[in-house]
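Listed here are the chains, written in short residue letters.
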Amino acid sequence: MKFNAPRGTNDILPPDTLKWQYIEKKTHEIFSNYNYQEIRTPIFEYTELFQRGIGEVTDIVEKEMYTFEDKGGRSITLRPEGTASVIRSFLENKIYGQAQPTKYYYIGPMFRYERPQSGRFRQFHQLGVEAIASNDPALDAEIISLGMRLLQDFGLNDLELHLNSVGCGECRPTYVDKLKKYLNENKEQLCDNCKSRIDRNPLRVLDCKNDSCQSVIKDAPKITDNLCESCADHFNDVQEYLDILNLDYIINPLLVRGLDYYTNTAFEIKDNALGAQDTVFGGGRYNGLAEEIGSRDLPGIGFALGIERLLLSLEAKDIELPVESGVDLYITVIGEQAKKESFKLLDQLRNKGFITEIDYLGRSVGSQMKSADRMNAEYTIIIGENELNNNSATIRNMKSGDEKEIQLSNLLEEMKQLVDKEDI
Ligand code: HAM
């Protein structure tokens, strides 16, 4: 019997895991720099949280959730995103009683039963931020600039920031009525999927890539022309703050997000090199979400970035993350006694922070050296009976080929000189 990982999931193997660690490390650094704190919520929640939070008439809730009944008969769903959980946690733990705004971030796996393709998986990983309890447009700009800063730090400087406002409970219903009327007038030109969306979720029609739908969409009424005064002001202020930060953006009135909780600001960062799944990160304001899941009026804004898409974007641009794998010293041993003495040295070196390796397969010296090479060892040393008797051995720089005779009892000191290690 042969097992494969479930469709749409990936094993992340070394050395790629080093890239993931690097991304996670940078995320912790940069998010902390903006004073966001890490939150860890469960990987599964009660299904109703997502139904109410994300919206019943969304692709995620209608088609993509991993939902099952647990042994207690409760309906459980593997989280398809992080925002609803963060707000649930904020309310449940009464964080509103603390100084506001609250700025959280998270990193972790999400699950959506989507059709797998490049950049789209069933288990994927997001790093996300949520700034809760303030409606200040400066915070919208902070959130966006934080995402852009992260991308810049990875060497991605040329991605497009698409910006829109999707209005609020006041102005959106009037706009949606206008849009519905227009779409009904042009219904014949729409694809079957969009025809059925007119009544259920007409905003999603704006997102359809079908050519015939596109020709209808281009002349559709625009949400940005139909905002109420307060939404229009908010949108203008967000742009002003982005200008202050010198962040370029494209106003895109067709930008609608796949989750229903958005109000006001919506944005996506796109990389044209990625093909169909071109959004590296997306987010927006969700001032109505807390009310939907907990009866409290609580503004919030955030984004989530897909780590797999970030990696694809880096790959498309031939950007190598500065990660290195390798060992500082490979100890090649000859004979039982040398192995035992070297094992002690190995432990001492590791205790001092040197990445040190030894043979565990009883191989010949030649094979051990090949192993050292494969492991990218910076230095090697051969220790046999003679070396032990003379308390001296030759340490070799694998890159330059330079060799140096050293006292074995001095190996630790020598390594300190040779390998540039902080904190040693
Ligand atoms: P989202 O647009 O559904 O938003 O997902 C955010 C990002 O997750 C996408 O831009 C993409 O990079 C990645 N992503 C989504 N689905 C997949 C998939 N099937 N495979 C690979 N990557 C994927 C949210 O999830 C919101 N919670 C974002 C947010 C936070 N809004 C406010 N706060």
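Positions within a chain are numbered from 1, following the residues in the order the chain's sequence is written. The predicted origin of the model limits local features to residues at a pLDDT of at least 70 and limits the giving and counting of side-chain atom pairs to 80 or more, whereas totals for whole chains, interfaces and linings rest on all residues. Hydrogens are left out, water is left out, and the side-chain values use all remaining heavy atoms of the structure.

Draft legend 1. Representation of the UniProt feature "domain: Aminoacyl-transfer RNA synthetases class-II family profile" (unreviewed entry) in the protein. UniProt positions are given in the numbering used here, feature names are shortened, and annotations may be inferred rather than shown by experiment. Per the UniProt record, "domain: Aminoacyl-transfer RNA synthetases class-II family profile" (unreviewed entry) is found at residues 23-322. Between the end C-alpha atoms of residues 23-322 the distance is 10 Å, and the span holds 38% helix and 21% strand. Helix numbering and strand numbering both begin at the N terminus, where a helix is a DSSP run of H or I of at least 4 residues and a strand a DSSP run of E of at least 2.

Draft legend 2. View of the site of the ligand. If you check the shell around the ligand, you find 27 residues, and the closest are E81, E114, E130, R257 and Y262. Interatomic distance of 2.9 Å between a side-chain N/O atom of R112 and an oxygen atom of the ligand. Throughout, the Shrake-Rupley method with a 1.4 Å probe supplies accessible areas, and for residues the shown protein chains are the sole cover considered. Relative to its unbound accessible surface of 650 Å², the ligand loses 96% to contact with the protein. Sorting the residues of the shell around the ligand by element identifies β6 (123-132), β10 (279-285) and β11 (300-306) as the ones contributing at least two each. Note on residue classes: Ala, Val, Leu, Ile, Met, Phe, Trp, Tyr, Cys and Pro are nonpolar, Asp, Glu, Lys and Arg are charged, and everything else, Gly too, is polar. Of the residues that constitute the shell around the ligand, the class distribution is 11 nonpolar, nine polar and seven charged. Being near a molecule or strand, for a residue, means having at least one of its heavy atoms within 4 Å of it. For this analysis, a polar contact is any N or O atom pair within 3.5 Å, provided that within protein one partner can donate a hydrogen and the other can accept it, and provided that sequence-adjacent residues contribute only side-chain to side-chain pairs.

Draft legend 3. Molecular detail of the UniProt feature "binding site: L-histidine" (unreviewed entry) in the protein. The feature "binding site: L-histidine" (unreviewed entry), as annotated in UniProt, sits at E81, G82, T83, R112, Q126, E130, R257, Y261 and Y262 in this numbering. Mapped onto the fold, Q126 is located in strand β6. Exposure is judged per residue with a 1.4 Å probe applied to protein chains only, and the accessible area is read against the type maximum: over 50% gives exposed, under 20% gives buried, and values in between give partly exposed. With a relative accessible area of 9%, Q126 lands in the buried category. Any two residues whose heavy atoms approach within 4.5 Å are treated as being in contact. Here Q126 is in contact with E81, G82, Y106, I107, G108, M110, R112, A304, L305 and I307, once residues within four sequence places are set aside. Looking at the element boundaries, R257 is found in the loop between β8 (250-251) and β9 (263-270). With relative accessibility at 14%, the residue R257 sits in the buried group. Discounting chain neighbours no more than four positions away, the residues touching R257 are R204, Y262, A266, F267, E268, G282 and G283.

Draft legend 4. Spotlight on the sheet that holds strand β7 (residues 160-165). Think of it this way: DSSP has to see at least two bridges between two strands before they count as a pair. Strand order in the open sheet formed by eight strands is β1-β5-β6-β11-β10-β9-β7-β8, and the pairing between neighbours is mixed. Here the strands that pair on one side only, and so sit at the sheet edges, are β1 (37-38) and β8. With six bridges connecting them, β7 and β9 associate as antiparallel partners. Pairing of E160 across the sheet is with K270, part of β9.

Draft legend 5. Representation of the sheet that holds strand β2 (residues 44-46). In spatial order, the strands read β2-β4-β3; together these three strands make up an open sheet with antiparallel pairing. The open sheet is flanked by β2 and β3 (67-69), the only strands paired with a single partner. Each adjacent strand pair in this sheet contributes to an overall mean axis angle of 35°, direction not counted. For β3 and strand β4 (residues 75-78), the ladder comprises three bridges, and the chain directions are antiparallel. Looking at β4, one finds that E69 is bridged to S75. Its contacts with the sheet place helix α2 (residues 47-54) against β2, β3 and β4, and it is angled at close to 80° to β2. Note on geometry: axes are C-alpha line fits, over the in-contact stretch for helices, and angles between N-to-C directions span 0 to 180 degrees.

Draft legend 6. A look at the pattern of salt bridges. Each salt bridge in this description consists of a side-chain nitrogen of Lys or Arg and a carboxyl oxygen of Asp or Glu lying within 4 Å of one another. Applying the stated criterion across every chain, the model contains 30 salt bridges. Among the salt bridges present, the one from E29 reaches K25, with a minimum N-O distance of 3.9 Å. One end of the pair is E29 and the other is K25, both in helix α1 (residues 16-33) and four residues apart, which spans about a single turn. Classification of E29 by relative accessible area gives partly exposed; the value is 40%. We note a salt bridge from K63 to D59, for which the minimum N-O separation is 3.5 Å. Of the two residues, K63 and D59 are both situated in helix α3 (residues 59-64); the distance of four residues between them amounts to about one turn of the helix. Via salt bridges that share partners, K25, K26, E29, R149 and D153 belong to a single interconnected network.

Draft legend 7. Spotlight on the domain arrangement of the protein. Bear in mind that the domain bounds are from an automatic or database domain assignment. Considered domain by domain, the protein is made up of domain 1 (16-171 + 227-316) and domain 2 (329-417). Computed over C-alpha atoms only, the centres of domain 1 and domain 2 are separated by 49 Å.

Draft legend 8. Spotlight on the packing of aromatic side chains. Stacked, edge-to-face and tilted labels apply to pairs of Phe, Tyr and Trp rings (six-membered ring for Trp) whose centres lie within 6.5 Å, assigned for plane angles under 30 degrees, over 60, and everything in between, in that order. Considering all chains together, one arrives at nine aromatic pairs under this definition. Relative to F281, the ring of F267 has its centre 6.3 Å away and its plane inclined at 80°; by these criteria the two rings are edge-to-face. Here F267, found in strand β9, pairs with F281, found in strand β10; they are 14 residues apart in sequence, far enough to count as distant. Taken individually, F267 and F281 each receive the classification buried, so the pair is uniform in this respect. With a centroid separation of 4.5 Å and an interplanar angle of 35°, the aromatic rings of F281 and F303 are classed as tilted.

Draft legend 9. The arrangement of unusual backbone geometry in detail. Looking along the chain, the bond that leaves P14 and enters P15 is cis, with omega of 5°. Within the secondary structure, P15 is located in the segment before α1. The step from Q100 to P101 runs through a cis peptide bond, and the omega angle for that step is 0°. By secondary structure assignment, the location of P101 is in the loop between α4 (83-92) and β5 (102-111). In this structure, K94 takes a positive phi of about 50° despite not being glycine. Within the secondary structure layout, K94 lies in the loop between α4 and β5. One non-glycine residue with positive phi stands out, namely N246, at about 60°. As for its position among the elements, N246 is in the loop between α9 (229-244) and β8.

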